[in-house]
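What the coordinates show
Take a look at the letters that make up each chain.
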Amino acid sequence: MKSELLTCTTQLRPWIVIPKIPSRISIRSSAGVRPDPWSLSDGNPERPKPRYERPKHPLSDDDARRIIKKKAQYLSTLRRNQGSHAMTPKWIKRTPDQMVQYLEDDRNGQMYGKHVVAAIKTVRALSQRREGCDDMRLVMGSFVAKLTFRDMCVVLKEQRGWRQVRDFFSWMKLQLSYRPSVVVYTLVLRLYGQVGKIKLAEETFLEMLQLGCEPDAVACGTMLCTYARWARHNAMLTFYKAVQERRITLSTSVFNFMLSSLQKKSLHEKVIHLWLEMMEDGVPPTEFTYTLVVSSYAKQGFNQEALKAFREMKSLGFVPEEVTYSSVIGLSVKAGDWDQAVRLYQDMTSQGIVPSNYTCASMLSLYYKTENYPKALSLFTDMERNKIPADEVIRGLIIRIYGKLGLFHDAQTIFEETERLNILSDEKTYLAMSQVHLNSGNVAKALDVIEMMKNRDIPLSRFAYIVMLQCYARKQNVDCAEDAFRALSKTGRPDASSCNDMLNLYTRLNLGETAKDFIKQMMADQVHFNIELYKTAMRMYCKEGMVAEAQELVEKMGREALVKDNRFVQTLVEAMHIKRTKQDKHEAIMYVSRLDVNALGMLLNLRLTEGNLNETRTILNLMFKTDLGSSAVNRVISSFVREGNISKAEILADLIIKLGLRIEEETIATLIAVYGRQHKLKEAKQLYLAAGESLSLGKSVISSMIDAYVRCGWLEAAYGLFMESAEKEIEPGAVTISILVNALTNRGKHREAKDISQICLEKNMELDTVGYNTLIKAMLEAGKPECAAEVYERMRHSDVPCSIQTYNTMISVYGRGLQLDKAIEIFSNARRSGLYLDEKIYTNMTMHYGKAGKMSEALALFSEMQKKGIKPGMASYNMMVKICATSKLHGEVDELLQAMERNGHSVDSSTYLSVVQAYAESSQYAEAEKTITLIQEKGIPLSHSHFNSLLSVFAKAGMMDEAERIYCKMSDAGISPDSSCKRTILKGYMNCGEAKKGILFYEKVLRSSVEDDRFVTSVVQDLYKAIGKEQ
């Protein structure tokens, strides 16, 4: 009931409705008769006026006048008996139609009499005048005795300026009809509170108390709302305590006003305290109340209390707003209660509430922490569909998620879009993009992002220096990394991860002394080591053979509570305990449930560097007696090989073999492969033979041994080992077969290559694309095209995919075998395969078209290659020039030479040599000689080969006069004929039966230059024998 009273008073509705008097009728009051100001009658019942003189204003219905009259009577009685404990009857409600008409009448000024309206306007007009120039008594002189107490209250309520309220209230108190009432003081308090005149409000409230007016809940609530409105929270809470002492129960709206004011200033503790007192007083909260309280609980991190208030809110039938859901979801995410956050989010979306970007940011953060990246991307898609703007925080999260998924281009796109929208200002977004580039291996771009951040005057935080250090460490830039580390140290004690990055950098670059000094500095600075930093420091000590420092570090780890239970630490502590005997060490290490391989590897490295073989043997024996010892030792040897510590791996392997222990096959294979790369065939064979005595050799060992033989040039041994393994049904593997067959082919051992190919086909050995390509090429080089075709058919039936190299080789196989139709079919298969056809396959197919005399097809294919954007190289042009010259297409030859020059290929001596050879072989002697002349004119250097091509064809054709002329032309060109030219022309004389001319040419031209050439001398002797003489 009191809340209803507060609502009525706060809204300050008028208490009475004065019907409007027509302007054409004037009412005059006599001294004896005075109309009742509260009466709602139509006039004097004893002297009723005609209806036409005083017409009634139409109301909304016939019963409205009775309702308004009863309301006026109720208000009159209520104000006379007003007090803090006044019982307020239930309000007489209007119908909606009556309420609409009531408001319209208010707008039309029909609620008050003309004198009241005039008074309101008169007082309001004073706001336009300077303060102090008017006396309220004089201004209101015409209204004395005309305004009743209620009329004055109406005038007071309708004022807007605080000065007018103050002056009118002072005048009002001088009137005879005035009587002190809590209502009028409440009106003044409300008006002072609206403009922030708190001191005047306090003085007015004290005046009310001094006059004996007991403040009710409305007056107290008005004062509290004034304090709350202007953020006078200390005064508000003090006044609230006084209200509590008077046992006045405030309404919900007042509590909401105070709670909202406190929360706006982030006084969440006081919000919660006031909320608890509100609950103790039994004041029913509203939806707005719960929204404020849940938010304050969330801001204070009170997860359970916030959820409790949230559940209470829903149990009372209130539908939480998005901001309330957002608060509890964000709180659940921060508290790690991810299932609760997901349930709340699903509950919110099921009610059709569109999440805000803050809620979306909380959920994206949750999905990022739980690595539920598909959900995160789905949420980002929903945001775009619902047109929820993604702020910089959300975009930063999406960049990180894209980075985790390897979508580096998408992350870069989001970053660029954020920059384009001018919302890129947070350091975290820059660093997120930098880390994405760093994880993708693009260190330069990561540093560019940090440099961009510097150029935009964004201050670098501690995290920025950490990311910068990671970039420089990855780049192995020691100076810049040290600068970043020093900058990081200025922000506080360096973290263990950054120290680990620096120490790893020094270790990788073999800066042992610097690494030692760095560890000492970390110890002096009391850096908090984590297990990874301990491992890196221990690895460095073991690598450098620093036994004392390693033991000291192990003891330090054993004392530290955070890492002493780690398996790595336990293994080192038990294995390095100085005071124990060997037997004690054996028993201690057996108690370690699972040995740490890294720890054992470091320990073996330490003992080997130290040169303590006895301790190494002891550790090996102990390790092999544990369940995982054999595997651990072999992994240690493999790690030595990967790190390049071959000598240590050799020593360990030798110790294991001498101790009669078993080395795993993969480890032996690794060591043999290393020996092969170093051309240490003797050591590889010794290890191979030693391993063969202790275990049955498998595929990996045999493959490594064959590879070692090939690398060292022992092809016969490699071939023999392959044959031996094939008899034992051991397949060396596709890679090993490819290496062996390729080596045999390059050495000209075609028979052995063919044998291996046949065995692979007979035994159905598993080969990959490269293996089949190697066998096809080997058969082609061996002159066995039918075997190459057989290998190709086996490859097709085995469903092994063909590569472009496969098709190119098979075109050569069928082209050399003069099977052009099959070569064309292979080229068509290559087209249909979807593979990218390169210049080589086009050139190969074009060459075989040309050799078969199909020049139109050759030229068309060459043109097709160019149309597809493949630019011909020198080899392609030389081939086309040669086949065109051979086919007597002189115009095409000239066009090709011009095209070569246009495309930036200089036409050199080798190109013209191809032209000369082609013309000569096709009996186009004039064109060949013309080309030689052209070469001379262009100043391109000639060689013996240019003349020898033409000389050779003249000699074979028996045209010896022409051959002599070319020989002399070569001498005239300043080229001294070589033995090949001399031999060619002399053989030409011999073959055509003109031995005498040959001898004459010899004695005249060649005798002085062939004494030392045994090949020419042999031909000359044959010439002399032909005519029956001796030289």
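Provided above is the structure to which this section pertains.
Now for a quick tour of the structure. Treat the numbers as computed from the prediction; the structure is a model and nothing was measured. (Residues numbered from 1 in each chain as written. Predicted model: local features only at pLDDT ≥ 70, side-chain atom pairs only at ≥ 80, totals over all residues. Heavy atoms only, no water.)

Re the overall build of the protein
Looking only at helices and strands, one finds 56 helices and 0 strands in the protein. Looking at the protein as a whole, 47% of its 1031 residues are labelled buried. By sequence separation, contacts in the protein at least 24 residues apart represent 63% of the contacts at least 6 residues apart. Counting only carbon and sulfur atoms, one obtains 49% of the accessible surface of the protein, whose full area is about 53,000 Å². (Helix = DSSP H or I, 4+ residues; strand = E, 2+ residues; numbered from the N terminus. Buried < 20%, exposed > 50% of the residue type's maximum accessible area, 1.4 Å probe, protein only. Contact = heavy atoms within 4.5 Å. Areas by Shrake-Rupley, 256 points an atom, 1.4 Å probe, with all protein chains shown as cover.)

Some details on helix H39 (residues 715-727)
Given 3.6 residues per turn, any residue in an α-helix points the same way as the ones three and four places further on. Between the first and last C-alpha of H39 there are 18 Å, a value that for 13 residues agrees with the 18 Å anticipated at 1.5 Å per step. Regarding H39, the residues found buried are Leu 715, Ala 718, Tyr 719, Leu 721, Phe 722, Met 723, Ser 725 and Ala 726. Immediately beyond the C-terminal end of H39, within one or two residues, lies Glu 729, with a positive phi of roughly 60 degrees. (Expected span 1.5 Å × (residues − 1).)

Describing helix H44 (residues 804-816)
Between its terminal C-alpha atoms H44 stretches 18 Å, which fits the 18 Å expected from 13 residues at 1.5 Å a residue. Of all 13 residues in H44, 10 are buried, a share of seventy percent or more. Those residues of H44 that fall on the buried side of the exposure criterion are Thr 806, Tyr 807, Asn 808, Thr 809, Met 810, Ile 811, Ser 812, Val 813, Tyr 814 and Gly 815. Tucked into the core, H44 has its buried residues touching helix H42 (769-781), helix H43 (785-797), helix H45 (820-832) and helix H46 (839-851).

A word on the pattern of salt bridges
What the rule picks out here adds up to 17 salt bridges. With its nearest N and O atoms 2.8 Å apart, the salt bridge here joins Glu 207 to Lys 173. Of this pair, Glu 207 sits in helix H9 (residues 198-210) while Lys 173 sits in the loop between helix H7 (162-172) and helix H8 (182-195), and the two are 34 residues apart along the sequence. Residue classification places Glu 207 among the partly exposed positions, given a relative accessible area of 24%. Owing to a relative accessible area of 29%, Lys 173 belongs among the partly exposed residues under this scheme. Salt-bridge contacts for Asp 707 lead to Arg 711; the nearest nitrogen and oxygen are separated by 2.8 Å. Taken together, the positions of Asp 707 and Arg 711, both in helix H38 (residues 699-711) and 4 residues apart, correspond to about one turn of that helix. Relative accessible area serves as the criterion here: at 15%, Asp 707 is assigned to the buried category. (Salt bridge = Lys/Arg side-chain N within 4 Å of Asp/Glu carboxyl O.)

Notes on the packing of aromatic side chains
Applying the stated criterion to the full structure yields 17 aromatic pairs. With 6.4 Å between their ring centres and 80 degrees between their planes, Phe 169 and Tyr 178 make a pair best called edge-to-face. A relative accessible area of 4% places Phe 169 in the buried class. Classification of Tyr 178 by relative accessible area gives buried; the value is 13%. Among the aromatic side chains, those forming a connected cluster through ring pairs are Phe 149, Phe 169, Tyr 178 and Tyr 185. Between Arg 179 and the ring centre of Phe 149, over which it is positioned, the NZ or CZ distance is 4.6 Å. Over the ring of Phe 568 we find Lys 535; its NZ or CZ atom is 5.4 Å from the centre of that ring. (Phe/Tyr/Trp six-rings, centres within 6.5 Å; stacked < 30°, edge-to-face > 60°. Lys NZ or Arg CZ within 6 Å of the ring centre and 35° of its normal.)

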